[in-house]
Each structure stands twice: as C-alpha cells, then as structure tokens.
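These are the residues of each chain, in order.
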Amino acid sequence: MNSVLEAWNKATEAEALEAMIACCGARRWASGMVALRPIQSVLELSEAADRIWASMEEADWMEAFACHPRIGERKATHASAKSASWSQQEQSQTSSAAEQVMNKIAAGNALYEKQFGFTYIVCATGKSAEEMLSILDRRLSSSRAAELKEAAEQQRQIAQIRLGKWLIA
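Values in this document were obtained by computation on a predicted structure and should not be read as measured data. (Residues numbered from 1 in each chain as written. Predicted model: local features only at pLDDT ≥ 70, side-chain atom pairs only at ≥ 80, totals over all residues. Heavy atoms only, no water.)

A.B. asks: So, the overall build of the protein chain: which residues are in play, and what are the values?
C.D. replies: Per the secondary structure count, the protein chain includes nine helices and zero strands. Going residue by residue from the N terminus, the α and β elements of the protein chain occur as α-α-α-α-α-α-α-α-α. Over its C-alpha trace the protein chain gives a radius of gyration of 16 Å, about what one expects of a compact globule, namely 15 Å for 169 residues. C-alpha extents for the protein chain along the principal axes are approximately 50 × 35 × 25 Å. Per-residue burial for the protein chain yields a buried fraction of 47% across its 169 residues. Considering only contacts within the protein chain whose residues lie at least 6 apart along the sequence, 67% involve residues at least 24 apart. Put simply, the protein chain shows about 8,400 Å² of open surface, and 53% of that area lies on carbon and sulfur atoms. One finds the centroid of the 19 positive side-chain charges in the protein chain at a distance of 2 Å from the centroid of its 21 negative side-chain charges. (Helix = DSSP H or I, 4+ residues; strand = E, 2+ residues; numbered from the N terminus. Rg over C-alpha atoms; globule rule 2.2 N^0.38 Å. Buried < 20%, exposed > 50% of the residue type's maximum accessible area, 1.4 Å probe, protein only. Contact = heavy atoms within 4.5 Å. Areas by Shrake-Rupley, 256 points an atom, 1.4 Å probe, with all protein chains shown as cover. Lys, Arg positive; Asp, Glu negative; His and termini not counted. Charge placed at Lys NZ, Arg CZ, Asp CG, Glu CD.)

The structure is reproduced here in structure tokens:
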C-alpha cells in the first residue's frame, strides 16, 4: 500500500478531510472520501473519487470551482495553502505567456463569469496559456448547462491529478 494512503487511513477525520479538501474543494466530496476509509489501494482511491464526484450537484461543483484562482491569477479566495500551491504549479505556463495573451485571458475570464456565473475551470496541467485561451474562447459559445457539465468534468480531472500529487508528497 502507498505510505501516504496508509497514513491517511489512520489519520484523524479532520486531518483526512483537510487532505481531501486540498484535492477538491467540495466539502461533500471530501467528506464522502473520508467516510470510505480505509481505502486499500491507489486504484480504489481513484475509482472512489470519480464515483463520489459523479454524485455531486451544482452547489458542490460551485464550492469546488470557488477554490480555483482564475487562469493567470495566483490564489482563489477559498483555497487552502496546498490547493493554492498546486494551482500555481498547474498554471505555471501562464508565467511565461505574452502580456497580450494574458490580457485576453483576463477579459475572457470576466466575460465567462458574467455569462455563466462561475470561474472558468480548465485542467491547466501541461497546457500553454494560448491553449487555455483557445479553450476559453470555444467554451464561451456553450450553453450554461453544457458549460456547467464541462467545468465539472474539468474539476474531476483536476481532482485526479491532485490525488496523484498528494500520494507522492
């Protein structure tokens, strides 16, 4: 068994919850993960994360989205220190992007939030600022219902990546 997972299985409920909140800011998701302890393998953890995420509703998604900074920004208001650190790593390619691209992303972020009512969520890992801008431009033509579903899927992917980072911490 993975040593981090083993320690998490034995941790207090509060400590275990804190670890999961860093991976995904939806408290109901994090509580659901903690309630499944002990989890015996990384595969079981990953499958549980997806299964629980699939049971979330719009309020849970919004809570998770609120823990992400806008693309190009450094910290979300509701993010834990670990989550903020991971966001910075995930968006690292924006630090070398052209000012013009970042200005377009900032304008797109504002338009997106006005149109959909939540922060633009994209799994930024490995994506350039230009790619994230292109995805943002494409997604601005979506309906709110389609976009909410897409943002929830992006959050699911982010949670899986963060679980992997947490397991090797």
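Following the structure, the description resumes.
A.B. asks: Talk me through the nonpolar core; I want residue IDs and the actual numbers.
C.D. replies: One finds Trp8, Met20, Trp29, Leu45, Trp53 and Trp166 to be the most contacted residues of the largest nonpolar core, which totals 53 residues. Listing elements by their share of this core, those giving two or more residues are helix H1 (3–10), helix H2 (13–23), helix H3 (27–35), helix H4 (42–54), helix H5 (58–65), helix H7 (99–116), helix H8 (129–139) and helix H9 (144–167). With eight residues, H9 is the single largest residue contributor to this core. (Core = buried A, V, L, I, M, F, W, Y, C linked by side-chain atoms within 4.5 Å.)

A.B. asks: For the environment of phenylalanine 118, give the residues involved together with the corresponding values.
C.D. replies: Its location among the elements puts phenylalanine 118 in the loop between H7 and H8. Given the relative accessible area of 5%, phenylalanine 118 is considered buried. Once you skip the residues sitting within four places of it in the chain, phenylalanine 118 turns out to touch Met62, Phe65, Tyr112, Glu113, Arg144, Glu147, Leu148 and Ala151.

A.B. asks: How would you sum up the packing of H3 against H4? Please name residues and give values.
C.D. replies: Relative orientation of the contacting elements H3 and H4 amounts to 140°, with a least axis distance of 10 Å. Relative to H4, the element H3 lies oblique. Our pair here, H3 against H4, has a crossing hand that is right-handed. Residues Trp29, Gly32 and Met33 of H3 form the contact with H4, whose participating residues are Leu45, Ala48, Ala49, Ile52 and Trp53. A per-class count over the contact of H3 with H4 returns seven nonpolar, one polar and no charged. (Axes fitted to C-alpha atoms, helices over the stretch in contact; angles between N-to-C directions. Parallel < 35°, antiparallel > 145°, perpendicular 65-115°, else oblique. Left-handed = near helix turned anticlockwise from the far one by under 90°. Nonpolar A, V, L, I, M, F, W, Y, C, P; charged D, E, K, R; others polar.)

A.B. asks: Can you lay out the packing of H2 against H9 for me, pointing to particular residues and giving the numbers?
C.D. replies: For the pair H2 and H9, the least separation of the axes is 8 Å and the interaxial angle reads 130°. In terms of orientation, H2 lies oblique with respect to H9. When H2 is examined against H9, the residues Ala19, Met20, Ala22 and Cys23 are found in contact with a partner set consisting of Gln155, Ala159, Arg162, Leu163 and Trp166.

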